[in-house]
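Chain by chain, the residues:
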Amino acid sequence: MKEALEVLDNVRLNFSPSGLLALNITIAFIMFGVALDIKIEHFKQLIMRPKSVIVGVISQFVLLPAVTFLFVILLNPTPTVALGMLLIASCPGGNISNFMSALAKGNLALSVSLTAIATLAATFMTPVNFALWGDMFINFYNTKGAGDYLVPIKIDFFQMVQTVVILLGIPVVAGLLIAQYFPVITHKIKKPIRKISIVIFIGFVVALLSANFEHFMKFIHLVFLIVLIHNGLALLAGFSISSIFRLPRIDKRTITIETGIQNSGLALVLMFNPKIFPPELELGGMTIIAAWWGVWHILSGFAVSSFMARFKLTR
């Protein structure tokens, strides 16, 4: 396994910041559509009963990194693949989780709240988790040279605030206000926006694949099963902890999705930042894992959300 994965370190992916910007604009549009189904009262209920929010944050920033560490120890891959998996697990939930939660008929207010809290908390928790669990992995196997990849990560807090405001705050507030004051218009535009959102996401999956199609076709067999199991463990972790704490089924759906949909875009931005990871480091294993996760969690998110939506909520 390890010998086969070593070839990944020489891979150089095509990563476009402009593509990430286009994705963020699309997410803002999708969040507006999601917000049309949310009422202000839903957020008030979360403030009065914050148990689900607390469980969701623990699931993302405590349970998922711990589960990932155990998986990495059992797998014993190359340092770059292992640290790529740990960095993914250390990132906050992805913004598309709100869209997936809507498809699953989960608690949208909880989903939006968890995304906002996790994104801001990531400025502290992502560097801490990456350093903590990455150091434990290196020490466990006494991996020579792996320490070069365990660099200190710095995330600009104010940039994250800006991200939350632009991608969540403005679209959600706009959607809430239109839904409250223009109910007739809201009723007419909800379904078309949802359909357009699905089409756009399918387009992005195709775009993500085509940008690095040659690399994916050549190396996908090395990481496909790893990402599939890792993502499955993340979804299972979210479902398990919300079940243990006896949360309502609607909240279980949301926490399952929030834990399974990670912000791989942030992970890639960090990996391609020369101020964090020096250009001389061969990060192919890390970037391939993060890039394929970015594609796979959209596919698995659609599948899991569609499956959940089939079952009526009784509690």
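In the block above lies the structure referred to throughout.
Heads up: these notes are all about the structure in this document.

Once that is clear, we can look at the packing of helix 5 (residues 79-90) against helix 13 (residues 284-309). Packing of helix 5 against helix 13 brings their axes to within 7 Å, and their N-to-C directions diverge by 40 degrees. By the angle between their axes, helix 5 is oblique relative to helix 13. Once helix 5 is placed against helix 13, the crossing between them reads as right-handed. Residue-level inspection shows T80, V81, L83, G84, M85, L87 and I88 of helix 5 in contact with helix 13, the latter providing G285, M286, I289, A290 and W293.

Before going further, it helps to spend a moment on the side chain of N98. Within the secondary structure, N98 is located in helix 6 (residues 96-103). The exposure class assigned to N98 is buried, which follows from its relative accessible area of 0%. A polar atom in the side chain of N98 sits 2.7 Å from the side chain of S111. Residue contacts for N98: discarding those within four places in its chain leaves M31, V34, L108, S111, V112, T115, L168 and E258.

This part is about the packing of aromatic side chains. A full pass over the atoms with the stated rule returns six aromatic pairs. Judged by centre distance (5.3 Å) and plane angle (45 degrees), the rings of F69 and W133 are tilted. Note that F69 is positioned in helix 4 (residues 51-75) and W133 in helix 7 (residues 108-141), a separation of 64 residues in sequence. Each member of the pair, F69 as well as W133, is classed as buried. Ring geometry for F99 and F302: centres 6.1 Å apart, planes at 90 degrees, overall edge-to-face. Within this pair, whereas F99 is found in helix 6, its partner F302 is found in helix 13, the two being separated by 203 residues in sequence. The two residues F99 and F302 agree in class, both being buried. One aromatic cluster is present, formed by F224, W292 and W296 through successive ring pairs.

Moving on, we get to helix 7. Taking 1.5 Å of rise per residue, 34 residues should cover 50 Å, yet helix 7 covers just 42 Å from first to last C-alpha, more than 12% shy of that figure. Its maximal kink placed at A122, helix 7 deviates by approximately 60 degrees. The N-terminus of helix 7 is capped by N107, whose side-chain oxygen sits 3.3 Å from the backbone nitrogen of A109.

What follows is about helix 13. An ideal rise of 1.5 Å per residue puts 38 Å on 26 residues; helix 13 measures up with 37 Å between its terminal C-alpha atoms. The largest bend along helix 13 reaches roughly 25 degrees and is located at G294. Helix 13 sits mainly inside the fold: 20 of its 26 residues count as buried.

Tracing the chain through its elements places N231 in helix 10 (residues 213-244). A polar atom in the side chain of N231 sits 2.7 Å from the side chain of S300.

Criteria and thresholds
Residues numbered from 1 in each chain as written. Predicted model: local features only at pLDDT ≥ 70, side-chain atom pairs only at ≥ 80, totals over all residues. Heavy atoms only, no water. Axes fitted to C-alpha atoms, helices over the stretch in contact; angles between N-to-C directions. Helix = DSSP H or I, 4+ residues; strand = E, 2+ residues; numbered from the N terminus. Parallel < 35°, antiparallel > 145°, perpendicular 65-115°, else oblique. Left-handed = near helix turned anticlockwise from the far one by under 90°. Contact = heavy atoms within 4.5 Å. Buried < 20%, exposed > 50% of the residue type's maximum accessible area, 1.4 Å probe, protein only. Polar contact = N/O pair within 3.5 Å; in protein donor to acceptor, adjacent residues only side chain to side chain. Phe/Tyr/Trp six-rings, centres within 6.5 Å; stacked < 30°, edge-to-face > 60°. Expected span 1.5 Å × (residues − 1). Bend = angle between axes of the 7 residues up to and from the residue.

Just geometry here; none of it tells us what the structure is for.
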